[in-house]
Amino acid sequence: MKVHRRVVGPLATNCYILQDEEAGKAVVIDPGGRGSSILDFIRKLGLSLESIVLTHGHVDHIVDAGVIQAGTGAPVMIAEGDKAFLEDPGWMKSFIGPSGMVPVKDSRTVKEGDIIDFGNSRLHVFETPGHSPGSISLYWPGSPASGSSEAAPKSGPGVLFSGDLIFRLSVGRTDFPGGDMDQLLNSIRSKVLTLPDDTLIYPGHNAPTTVGKERTENPFLL
């Protein structure tokens, strides 16, 4: 799996295009802007987009989900707790430009334990509420060594796409409606810090980090 990061929108959201290089399949995570540019990139690489996955429903992560769906036909996946944001962004409307959002016509809910497949790659869905009620994280456990089974040693570290749950030496804010700091910290300790230390964390904003770094240096977790 290859990870392409695009920083989009007025709040500098990380949008990730995940590419299964062997199968030519892709997933887009959190298209919070520059939808046309993301579509151009997918087409340039000749990828088939399998799904658009939203780590949560805040508008800086979802605003161009409809644009990408209209251009590809891919379904939009979001947790039940945040699905209402696709129909009405509510208190976040001021962040949307005058043209508004292109409606999402095919949305599907995901929950803890679900698997999102694209080609030979798969993402495991973790429910990680706290930043919002329906926040999820997406875990890719790493590539099995060539010719080996899933139980065999991995050829590289796993990857967690954490949305706004955890950042490099920080955590997501919880002062928005539906936020809960105790719940957020519990999500981090039960779903993030249980992963191997070399797991890469790709957050919803700012630079990547690792589980090990956050375990030992994040001031919110010490």
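Scroll up for the structure.
Every value quoted in this text rests on a predicted model; they were computed, and no experiment measured them.

1. Some points on the nonpolar core
Here is step 1 of the chain: Formed by 25 residues in total, the largest nonpolar core has its most connected members in Val28, Leu49, Ile52 and Leu54.
Here is step 2 of the chain: At the level of elements, β2 (13-20), β3 (25-29), α1 (35-44), β4 (48-53), α2 (59-62), α3 (65-72) and β5 (76-79) are the ones that each hand at least two residues to this core.
Here is step 3 of the chain: Sorting elements by how many residues they give to this core places α1 first, with four residues.
Here is step 4 of the chain: Residue contacts for Val28: discarding those within four places in its chain leaves Cys15, Tyr16, Ile17, Ile38, Ile42, Leu49, Ser51, Ile52, Val53 and Ile68.
Here is step 5 of the chain: Val110, Phe118, Val125 and Ile136 belong to the second-largest nonpolar core, a separate cluster that totals 18 residues.

2. Topic: the packing of α1 against α3
Here is step 1 of the chain: Following both chains from N to C, one finds α1 and α3 inclined at 35°, their axes separated by 9 Å at the closest point. The handedness of the crossing between α1 and α3 is right-handed. Note on element contacts: α3 touches α1 through Val67, Ile68, Gly71 and Thr72, opposite Gly35, Ser36, Ile38, Leu39 and Arg43.

3. Details of the environment of Gly158
Here is step 1 of the chain: By the secondary structure assignment, Gly158 is in the loop between β9 (136-140) and β10 (159-163).
Here is step 2 of the chain: Residues Gly158 and Ala12, 146 residues apart in the sequence, show an inter-C-alpha distance of 25 Å.

4. Thoughts on the sheet that holds β2
Here is step 1 of the chain: If you trace the six strands from one edge of the open sheet to the other, you get β1-β2-β3-β4-β5-β6, paired in mixed fashion. Of all strands in the sheet, those with a lone pairing partner are β1 (2-8) and β6 (107-110), marking the two edges. On average, each strand axis in the sheet is tilted by 25° relative to the strand beside it, whichever way the strands run.
Here is step 2 of the chain: Across the sheet, α1 is in contact with β1, β2, β3 and β4; its angle to β2 comes to roughly 15°.
Here is step 3 of the chain: Here α3 sits on the sheet in contact with β3, β4 and β5, set at roughly 155° to β4.

5. Points about helix α4 (residues 181-192)
Because the α-helix completes a turn every 3.6 residues, residues three or four places apart line up on one side.
Here is step 1 of the chain: For α4, which comprises twelve residues, the first-to-last C-alpha distance of 15 Å matches the rise-based estimate of 16 Å (1.5 Å per residue) to within 8%.
Here is step 2 of the chain: All buried positions along α4 are accounted for by Leu184, Leu185, Ser187, Ile188 and Val192. Along the axis of α4, the buried residues cluster in a sector spanning 155°; they form a single face. Residues of α4 that are exposed and angled more than 90 degrees away from the buried face: Asp182 and Asn186.
Here is step 3 of the chain: Considering only its buried residues, α4 is in contact with β10, β11 (166-167), β12 (170-171), β13 (200-203) and α5 (211-217).
Here is step 4 of the chain: Its side-chain oxygen 3.0 Å from the backbone nitrogen of Asp182, Asp180 forms the N-cap of α4.

Cut-off values and rules
- Residues numbered from 1 in each chain as written.
- Predicted model: local features only at pLDDT ≥ 70, side-chain atom pairs only at ≥ 80, totals over all residues.
- Heavy atoms only, no water.
- Core = buried A, V, L, I, M, F, W, Y, C linked by side-chain atoms within 4.5 Å.
- Buried < 20%, exposed > 50% of the residue type's maximum accessible area, 1.4 Å probe, protein only.
- Helix = DSSP H or I, 4+ residues; strand = E, 2+ residues; numbered from the N terminus.
- Contact = heavy atoms within 4.5 Å.
- Axes fitted to C-alpha atoms, helices over the stretch in contact; angles between N-to-C directions.
- Left-handed = near helix turned anticlockwise from the far one by under 90°.
- Pairing = 2+ DSSP bridges.
- Expected span 1.5 Å × (residues − 1).
- Arc of directions from axis to C-beta.
- Polar contact = N/O pair within 3.5 Å; in protein donor to acceptor, adjacent residues only side chain to side chain.

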